[in-house]
Amino acid sequence: MDEQGERLQKIISAAGVASRRAAEELIQEGRVTVNGAVIRELGARARPGIDEIRVDGKPIAAPERHTYILLHKPAGYVTTLADERGRRTVLDLLPDSLPRVYPVGRLDMDSEGLLILTDDGALAQAVAHPSGNIEKEYLVLVEGTPDATALHRLRRGVALDGRPTFPARVEVLDRRRPGEKAASWLRFTIHEGRNRQVRRMCEAVGHPVLRLRRIRIGPVRLSDLASGEWRHLTPGEVASLRAAAEAGSRVSSGHDAASTTRAESPPANRPPRHTPGARERR
């Protein structure tokens, strides 16, 4: 084996055979071979596409090359691939030269901010599924000034569709008056993904949303990417997002999602940006 190759558990995980942690267990159990030799050391390395790597006697496929995009979605765009009503979709903001990618989760048409798009179905599922416990952070402008009671309700959980939301972290950032109407900026952090959840929670406590911008999904931040711009996620961001989803899934498996404790989930370099031009996509 080449000491300059990649760690075996990383290769196995990238090939979609198992998560990084599960791959480590496969190695320690002696179920992985490289060029016919059984490997049990977690520090072992191999060269994808050169060395023959097998798990339980079956060769693993070369890892697929995927595309990961971070887009600052403007208001007025929908996150569907096509819209029967002829509305603009987020794909209209991306060049035709990119591979076909799909939104991970949704932002409603009036919302803006961070949206991840990818052709990696496994990662998309891990991030979007509630079991991943991935935090989503928003800056939210609401009507009026939430008092202590309203904030307590938001933080404790609000009943939507007959069942309460999980606790949220809510912080009042600023209070201002756009025109003659009182309004407040909130920082809102949740790890669920119910339909229009933040908007509905705020409306339920009497403070409808005037503006909503998502600024973070797990470890990935919007930072200063301008509205309508996009960039590729860095390999480090993809790895940290995958790790966050795996860690969240372990939390879910250890603390059943239906648990009555409803404990609050634990907290879970950017390349050049690209500015979209006027173009239609698909």
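Each remark here, short or long, concerns the structure printed above.
Below: a short report on this structure.

Rules used throughout
Residues numbered from 1 in each chain as written. Predicted model: local features only at pLDDT ≥ 70, side-chain atom pairs only at ≥ 80, totals over all residues. Heavy atoms only, no water. Helix = DSSP H or I, 4+ residues; strand = E, 2+ residues; numbered from the N terminus. Buried < 20%, exposed > 50% of the residue type's maximum accessible area, 1.4 Å probe, protein only. Areas by Shrake-Rupley, 256 points an atom, 1.4 Å probe, with all protein chains shown as cover. Polar contact = N/O pair within 3.5 Å; in protein donor to acceptor, adjacent residues only side chain to side chain. Pairing = 2+ DSSP bridges. Salt bridge = Lys/Arg side-chain N within 4 Å of Asp/Glu carboxyl O. Arc of directions from axis to C-beta. Contact = heavy atoms within 4.5 Å. Core = buried A, V, L, I, M, F, W, Y, C linked by side-chain atoms within 4.5 Å.

## Re the overall build of the protein chain
Thought 1: Each helix and strand in the protein chain was counted, giving 6 helices and 17 strands.
Thought 2: The 282 residues of the protein chain split such that 44% are buried.
Thought 3: Of the roughly 14,700 Å² of accessible surface on the protein chain, 49% is carried by carbon and sulfur atoms.

## Overview of the side chain of Gln9
Thought 1: Here Gln9 lies in helix 1 (residues 8-14).
Thought 2: A distance of 3.2 Å separates the side chain of Gln9 from the backbone oxygen of Leu42, its partner in a polar contact.

## Quick word on helix 5 (residues 197-204)
Thought 1: Looking at helix 5, one finds that the buried residues are Gln197, Val198, Arg199, Met201 and Cys202.
Thought 2: Trailing helix 5 by a residue or two, Gly206 shows a phi angle of about 90°, which is positive.

## Brief notes about unusual backbone geometry
Negative phi is the rule for most residues except glycine; trans is the rule for most peptide bonds.
Thought 1: The phi dihedral of Arg196 falls on the positive side, at around 50°, and the residue is not glycine.
Thought 2: For Arg196, the position within the fold is in the loop between strand 14 (183-190) and helix 5.
Thought 3: Given a relative accessible area of 39%, Arg196 falls into the partly exposed group.

## A short note on the sheet that holds strand 6 (residues 58-59)
Thought 1: Taken together, the 4 strands give an open sheet; going across it, the order is 3-2-5-6, and neighbouring strands pair in antiparallel fashion. Lying at the two open borders of the sheet, with one neighbouring strand each, are strand 3 (37-39) and strand 6.
Thought 2: Both strand 2 (residues 32-34) and strand 3 contribute to a ladder of 3 bridges, which runs antiparallel. Bridge pairing in strand 3 links Thr33 to Val38.

## Remarks on the pattern of salt bridges
Thought 1: In this structure the tally under the stated criterion is 18 salt bridges.
Thought 2: Put simply, Asp120 and Arg242 hold a salt bridge, and the shortest N to O gap is 3.7 Å. With a gap of 122 residues between them, Asp120 in the loop between strand 9 (112-118) and helix 3 (121-128) and Arg242 in helix 6 (residues 235-254) connect regions that are remote in the sequence.
Thought 3: Accessibility expressed as a relative area gives 26% for Arg242, which makes it partly exposed.
Thought 4: A salt bridge links Glu171 to Arg187, with the shortest nitrogen-to-oxygen separation between them at 3.4 Å. Of this pair, Glu171 sits in strand 13 (residues 169-176) while Arg187 sits in strand 14, and the two are 16 residues apart along the sequence.
Thought 5: According to the relative accessible area criterion, Arg187 is partly exposed, its value standing at 28%.

## Describing helix 3
Thought 1: Residues of helix 3 that are buried: Leu123, Ala124 and Val127. Down the axis of helix 3, the smallest arc covering the buried residues is 100°, so these residues share one side.

## Focus on the environment of Leu160
Thought 1: Following the sequence through the fold, Leu160 ends up in strand 11 (residues 159-160).
Thought 2: Residue classification places Leu160 among the buried positions, given a relative accessible area of 6%.
Thought 3: On a C-alpha basis, the gap between Leu160 and Gln197 in space is 8.3 Å, while along the polypeptide they are 37 residues apart.
Thought 4: When neighbours within four sequence positions are excluded, Leu160 is seen to be in contact with Thr165, Arg194, Gln197, Arg200 and Met201.

## What about the environment of Pro130?
Thought 1: You can see Pro130 is positioned in the loop between helix 3 and strand 10 (136-143).
Thought 2: Measuring from C-alpha to C-alpha, the distance between Pro130 and Ala245 comes to 9.8 Å, with 115 residues separating the pair along the chain.

## Remarks on the nonpolar core
Thought 1: Membership of the largest hydrophobic core comes to 20 residues, with the highest contact counts inside it found for Tyr138, Val140, Phe188 and Val198.
Thought 2: Where this core is concerned, the elements lending two or more residues are strand 10, helix 4 (148-156), strand 14, helix 5 and strand 15 (209-217).
Thought 3: Setting aside anything within four residues of it in sequence, one finds Tyr138 in contact with Leu107, Leu186, Arg187, Phe188, Ile190, Val198, Leu212, Arg213, Arg214 and Ile215.
Thought 4: Counting 18 residues, the second-largest nonpolar core is a separate cluster that includes Leu70, Leu123, Leu222 and Leu225.

## Considering the pairing of strand 14
Thought 1: The element strand 14 is largely enclosed, with a buried count of 7 among its 8 residues.
Thought 2: Relative to strand 14, strand 10 runs antiparallel, the two being bridged by 8 bridges. From the neighbouring strand, Leu139 faces strand 14, where its bridge partner is Arg187.
Thought 3: Judged from the 7 bridges that link them, strand 13 and strand 14 form a sheet pairing that is antiparallel. By the bridge assignment, Arg169 is partnered in strand 14 with Thr189.

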